[in-house]
Amino acid sequence: LPLAFGFLFAGVIAVPIGWRLGLWSGLGYRVAGIAIGPLLAALGLDVVAIQHFAEFGVVMMLFLVGLELEPKMLWGMRARLLGLGGLQVAGTAVLVMALALAFGLPWTIALAVGLVMSLSSTAIVLQTLNEKGLMKTEGGQSSFSVLLFQDIAVIPMLAFIPLLAMPELMDMAVDPHHGGHAGGTGHGEAGHGTDHGHDDGHGASFSLVDGLPAWVAALVTIGAIGAIILGGIYLTRPLFRFIAMAGLRELFVAAALMFVIGIALLMTLVGLSPALGTFLAGVVLANSEYRHELESNIDPFRGLLLGLFFITVGAGINFGLLFDQLGLIIGLTLGLIALKVGVLLALARMFKIEGQHKWLFAMGLAQAGEFGFVLLSFTVANQVIPSALADQLLLVVALSMLLTPALFILYEKVIAPRFITSQEQEADEI
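Here's what I pulled together on the structure shown here. Everything numeric here is computed off the predicted structure, so don't read it as measured data.

A word on the packing of aromatic side chains
Link 1 in the chain: In the structure shown here, the tally under the stated rule is eight aromatic pairs.
Link 2 in the chain: Taking 5.9 Å as the distance between ring centres and 55° as the angle between the ring planes, the aromatic pair formed by F144 and F279 counts as tilted. On the criterion of sequence distance, the pair formed by F144 in helix α9 (residues 138–160) and F279 in helix α14 (residues 274–284) is long-range, its members being 135 residues apart. As far as burial versus exposure is concerned, F144 and F279 are alike and both buried.
Link 3 in the chain: Geometrically, the ring pair formed by F252 and Y290 is tilted, given 5.9 Å between the ring centres and 35° between the ring planes. Taken as a pair, F252 in helix α13 (residues 249–269) and Y290 in the loop between α14 and α15 (291–315) lie far apart in primary sequence, 38 residues in all.
Link 4 in the chain: Assessed through its relative accessible area of 5%, F252 is described here as buried.
Link 5 in the chain: Here the aromatic cluster, defined as three or more aromatic residues joined through ring pairs, consists of F63, F240, F252, F259 and Y290.

Side note on the environment of F9
Link 1 in the chain: Relative to the helices and strands, F9 resides in helix α1 (residues 2–20).
Link 2 in the chain: The class of F9 is partly exposed, set by a relative accessible area of 48%.

Concerning the nonpolar core
Link 1 in the chain: Formed by 141 residues in total, the largest nonpolar core has its most connected members in F63, M117, F144, F279 and I385.
Link 2 in the chain: Counting residues per element, this core draws most heavily on helix α20 (residues 387–419), at 16 residues.
Link 3 in the chain: Beyond its immediate chain neighbours, meaning those up to four positions away, M117 contacts T92, V96, L336, K340, A368, L393, V396 and V397.

Points about the packing of helix α4 (residues 56–67) against α14
Link 1 in the chain: Here α4 crosses α14 at 25°, and the two axes come no closer than 7 Å. Judged on the interaxial angle alone, α14 and α4 are roughly parallel. The chirality of how α4 crosses α14 is right-handed. Every residue of α14 that contacts α4 at V59, L62, F63, V65, G66 and L67 is listed here: P274, A275, T278, F279, A281, G282 and V283.
Link 2 in the chain: The residue inventory of the contact of α4 with α14, partitioned by class, reads ten nonpolar, three polar and no charged.

Description of a nonpolar patch on the surface
Link 1 in the chain: A contiguous nonpolar patch, built from F5, F9, V12, I13, I17 and L21 and spanning about 650 Å² of accessible area, is present on the exposed surface.
Link 2 in the chain: Take V12: it is sitting in helix α1.

Regarding helix α8 (residues 122–131)
Link 1 in the chain: Burial analysis of α8 places eight of its ten residues in the buried class, which makes it a mostly covered element.
Link 2 in the chain: Listed in full, the buried residues belonging to α8 are T122, A123, I124, V125, L126, Q127, T128 and L129.
Link 3 in the chain: Residue G133 follows α8 closely and has a positive phi angle near 65°.

Each value, and the rule that gives it
Residues numbered from 1 in each chain as written. Predicted model: local features only at pLDDT ≥ 70, side-chain atom pairs only at ≥ 80, totals over all residues. Heavy atoms only, no water. Phe/Tyr/Trp six-rings, centres within 6.5 Å; stacked < 30°, edge-to-face > 60°. Helix = DSSP H or I, 4+ residues; strand = E, 2+ residues; numbered from the N terminus. Buried < 20%, exposed > 50% of the residue type's maximum accessible area, 1.4 Å probe, protein only. Core = buried A, V, L, I, M, F, W, Y, C linked by side-chain atoms within 4.5 Å. Contact = heavy atoms within 4.5 Å. Axes fitted to C-alpha atoms, helices over the stretch in contact; angles between N-to-C directions. Parallel < 35°, antiparallel > 145°, perpendicular 65-115°, else oblique. Left-handed = near helix turned anticlockwise from the far one by under 90°. Nonpolar A, V, L, I, M, F, W, Y, C, P; charged D, E, K, R; others polar. Patch = residues over 30% accessible without salt bridge, like charges linked within 9 Å, V, L, I, M, F, W, Y side chains within 5 Å. Areas by Shrake-Rupley, 256 points an atom, 1.4 Å probe, with all protein chains shown as cover. Salt bridge = Lys/Arg side-chain N within 4 Å of Asp/Glu carboxyl O.

Structural data, given as structure tokens:
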């Protein structure tokens, strides 16, 4: 109860103040998280465990995004989905890897860092685009295509990263500030990663595909996706019609939550991203007569869980390590943002995204993403990235997410007004 009250109180106070100052709600939540972070640390609470729970808000958000997209519209986006998304992930990963090699990191660690930093934040970008009414613009749709590809790309990344394991390198690349001990820094994000690396929505403790031959596992996975699509088409209408007969709103809310959680669980059991599964279910239900009812029931839970997620991002910042290596961490964060903006502007030019839309696209996706926390924990658990380096990278991910609202404000106040041409006409004579 004290923990729940603390989170809700911090959010209720910080977000309205943020709105009054013209800031986006997510920044208000993160400021609240920074404010209550020392209290959580003093109470010995595991911020990372709370964050894994709160990440379910991203799953719900992708379900709601899917409800807005008809299958025909999604098929029409396929070129940008594969072209823009694929080139963004590959281009960013290669450039970050090259810089990591230049810093003297072994190629396996450099490649893992490149993959982690190639992702952007689905939660922050989609929430901001929706709040500011920019989702339907060319820049918003291009951003969505890239984010969707990134969510799909997490699956092969999770399969590939363990192949980079080099236990003998775990004592290398440890920063001299930390000494030789790999794993005792800060709030213990990377240390907790070993516990959570397999249970944050990408592989539960019980799995339907563990130990199966690759072709059988692939069939099981395809079967699970098929079950979601066929179930969405043929089973949901009779089920919701049956529930609607009772006339109880709370029963429909329970059914909607059961539906989303059930799909997330099924995806987890076959080793896929639950966000991807619920997005697929949302697309299947986009033409359903119960679409608006589902949206109105899921949306409050999505908002609360995303708010909690943003609070944990703020609370999880390890200020001890940040102040120890302030210049290095801020330099790495700003360097990552600049590099991603450069890659995205080049892609915008290649795909003929013009004017203010290219800047919205480039500046909106310039941060690292929440899957960075998941993948960094996973790399530490699989002895791919040393714990001390992972702690530094966790700070870079968190700070880049914290700076995203500033990039949106820069776009809104400085860049967008330059592209609004003066088209005022003289008033008609009445």
